[in-house]
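The primary structure of each chain is shown beneath.
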Amino acid sequence: MRVLLVGAGGVGTAITRIAARRSFFDYLAVADYDLARAEAAVAALGEAGTRFSAHRVDASDEAAVAALLAEQRCDVLLNATDPRFVLPLFNAALAAGTHYLDMAMSLSAPHPDRPYELCGVKLGDAQFERAAQWEKAGRLALVGIGVEPGLSDVFARYAADELFDDIEEIGIRDGANLTVDGYDFAPSFNIWTTIEECLNPPVVYEAGRGWFTTEPFSEPEVFDFPEGIGPVECVNVEHEEVLLVPRWVEARRVTFKYGLGDDFISKLKTLHALGLDSTTPVTVQTDLGPARVSPRDVVAACLPDPATLGDRMHGKTCAGTWVKGTRNGKPREVYLYHVVDNQWSMREYGSQAVVWQTAINPVIALELLANGTWTGTGVIGPEALPPRPYLDLLTEYGSPWALREQ
């Protein structure tokens, strides 16, 4: 297998460090708009980097990405950029005749009149619209194969296959007790993506009603997270699992709730009130004359790069899937989860916990595709594929998952 990885930020760099320890692929080209960043990711691998090379590419340029895929004779494109670049990379892979993986799906747009009741353009709609073209081409676009979405979807499939006869609700629940020395506000993941998913109308799925929206941060609940993290208040947030899981797993309700905390929510609301969450460029006067800049990009530039926070970060992050239903006629609730301790991920890989936990999942998926365990064509989510080989490989990678009866 020959892979083109587009994006050499925190997650992309963690992907290279994880993949370098595995033998399933022949070659991995690392590409980024900033060539120095791609070169640094490869150089950091040392002697383990002989199967890697660094390249410059503009992720928004479909023709350039397709040309690089052909030049490097790649079989698959792995997208490690932010969601703005999903569609050009998705389209470039199809044009080049390669497979495609991403960790976030094409962007949504709220309903123009009733944004907190009805869906407008849903996450991933633009990708699913091209599913027939991918099927005709005999190629696979495996979408949403990070940790959430990704591992959380695998958990949902596993629960349906092996733990339940009937499922009332599948709820993705994400929480952490991470702190960052020296910062009052330092998001542990890409702030551009965080703003997008937290301030958009959250989506909920109910059988018979389908997908609908609520107001941001709705339906707060306290969820007790395992391995010392403890109780964290979680709220509804827009996320791909709610759009993916119901396509392949039968459940009467599907939700995603994120443990944000009052302070984080307050800051996001302030950004929204000031218009600083906007992606529409505004004109700013500078010493070099007027410049057009996106307010959200300014916010991102003012905050520390999450990939650089590992040495200052303490605590654990937990991603998991809570499932409620029946088994053998009896009520059952379980929480399938995966916890990463920042101290461990920094010591073992030099990557902070949140980006490392995201990065391990597409590498596992690539290995399953390379050895033929996972196969398919068209546009599909992780829950469409057998879960047990994935979970077994996660444990083999040295980062086991767990199950808690509720």
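This report concerns the structure included in the present document. Throughout this document, residue positions are counted from 1 along each chain, in the order its sequence is written. Where local features are concerned, this predicted model is filtered to residues with pLDDT of at least 70; where side-chain atom pairs are given and counted, the filter is 80 or more; whole-chain, interface and lining totals use all residues. No hydrogens and no water enter the side-chain calculation; it runs on all heavy atoms of the structure.

Looking at the pattern of salt bridges
Rules: Salt bridge, as applied in this entry: a Lys or Arg side-chain nitrogen positioned within 4 Å of an Asp or Glu carboxyl oxygen. Secondary structure follows DSSP: runs of H or I at least 4 residues long count as helices, runs of E at least 2 residues long count as strands, and numbering of each begins at the N terminus. Remark: exposure states derive from per-residue accessible area (1.4 Å probe, protein chains only) relative to the maximum for the residue type, with buried under 20%, exposed over 50%, and partly exposed in between.
In total, this model carries 24 salt bridges according to the counting rule given. Arg 253 serves as the salt-bridge partner of Glu 169, at 3.6 Å between the closest nitrogen and oxygen. Placement of Glu 169 in strand E7 (residues 166–176) and of Arg 253 in strand E13 (residues 253–259) is noted, with a sequence separation of 84 residues between them. For the pair formed by Glu 169 and Arg 253, the shared burial category is buried. Among the ionic pairs, Arg 253 bridges to Glu 219, the shortest N-O distance being 2.9 Å. Taken together, the positions of Arg 253 in strand E13 and Glu 219 in the loop between strand E10 (210–213) and strand E11 (221–225) put the pair 34 residues apart, joining distant regions of the chain. Note on Arg 253: relative accessible area 18%, which makes it buried. Assessed through its relative accessible area of 34%, Glu 219 is described here as partly exposed. Where salt bridges share partners, they join Glu 169, Arg 173, Glu 206, Glu 219, Glu 221, Arg 253 and Lys 257 into one cluster.

Quick look at the nonpolar core
Using the following cut-off: Only buried Ala, Val, Leu, Ile, Met, Phe, Trp, Tyr and Cys residues count toward a nonpolar core, and they belong to the same one when joined by side-chain atoms within 4.5 Å. Throughout, a residue-residue contact means that at least one pair of heavy atoms, one from each residue, lies within 4.5 Å.
Of all hydrophobic cores here, the largest spans 91 residues; its most connected members are Ile 170, Trp 374 and Tyr 390. Considering every element that reaches this core, the biggest residue donor is helix H13 (residues 353–370), with eleven residues. If we ignore the near neighbours within four places in the chain, the residues touching Ile 170 are Ala 156, Val 245, Val 249, Ala 251, Arg 253, Val 254, Thr 255, Thr 321, Trp 322 and Val 323. Counting residues in each nonpolar core, the second largest holds 28 residues, with Ala 29, Leu 77, Leu 89 and Ala 92 among its members.

A few points about the packing of helix H7 (residues 151–163) against helix H14 (residues 387–396)
Quick note on the threshold: Fitted lines through C-alpha atoms give the axes, limited to the stretch in contact for helices. The angle between two N-to-C directions lies from 0 to 180 degrees. An angle below 35 degrees is treated as roughly parallel, one above 145 as roughly antiparallel, one from 65 to 115 as roughly perpendicular, and anything else as oblique. Crossing handedness is defined as follows: a turn of the near helix away from the far one that is anticlockwise and smaller than a right angle gives a left-handed crossing, while the clockwise case is right-handed. In this classification, Asp, Glu, Lys and Arg are treated as charged, Ala, Val, Leu, Ile, Met, Phe, Trp, Tyr, Cys and Pro as nonpolar, and every other residue, Gly included, as polar.
At a minimum axis separation of 9 Å, H7 and H14 run at an interaxial angle of 125 degrees. It follows from the interaxial angle that H7 and H14 lie oblique. Helix-helix and strand crossings are classified by hand; for H7 and H14 the assignment is left-handed. Contacts between H7 and H14 involve Leu 151, Val 154, Phe 155, Arg 157, Tyr 158, Asp 161 and Glu 162 from the former and Pro 387, Arg 388, Tyr 390, Leu 391 and Leu 394 from the latter. Taken together, the residues of the contact of H7 with H14 sort by class into eight nonpolar, no polar and four charged.

Some details on helix H12 (residues 342–349)
Just so we agree on the cut-off: Throughout, the arc means the angular range of directions from the helix axis out to the C-beta atoms. For the purposes of these results, a polar contact is taken to be a pair of N or O atoms within 3.5 Å, where, inside protein, one atom must be able to donate a hydrogen and its partner to accept one; residues adjacent in sequence count only when each atom of the pair is a side-chain atom.
Every buried residue belonging to H12 is among Asn 342, Ser 345, Met 346 and Tyr 349, and all of these are buried. Angular distribution of buried residues about the axis of H12 spans 105 degrees; they occupy a single face of the element. Projecting away from the buried face of H12 at angles above 90 degrees are the exposed residues Gln 343 and Arg 347. Packed against the buried residues of H12 are helix H1 (10–19), strand E16 (313–314), strand E18 (330–341) and H13. At the N-terminal end of H12, a side-chain oxygen is found 2.8 Å from the backbone nitrogen of Gln 343, two or three residues along, and the residue is Asp 341. Looking one or two residues past H12, Gly 350 carries a phi angle of roughly 70 degrees, positive in sign.

Quick word on the pairing of E13
Basically, it comes down to this: Note on pairing: DSSP must find at least two bridges between two strands before they are called paired.
Of all seven residues in E13, seven are buried, a share of seventy percent or more. Here E13 shows a buried face lined by Arg 253, Thr 255, Lys 257 and Gly 259 and a second buried face lined by Val 254, Phe 256 and Tyr 258. Pairing of E7 with E13 involves six bridges; the strand directions are parallel. Of the residues in E13, the one forming a bridge with Glu 169 is Arg 253. Two elements, strand E9 (residues 203–206) and E13, share two bridges in a ladder whose sense is antiparallel. Counted as the bridge partner of Glu 206 is Arg 253 from E13. In terms of strand pairing, strand E12 (residues 230–236) meets E13 through three bridges, oriented antiparallel. Looking at E13, one finds that Cys 234 is bridged to Gly 259.

Purely spatial values, then, with no claim about function.
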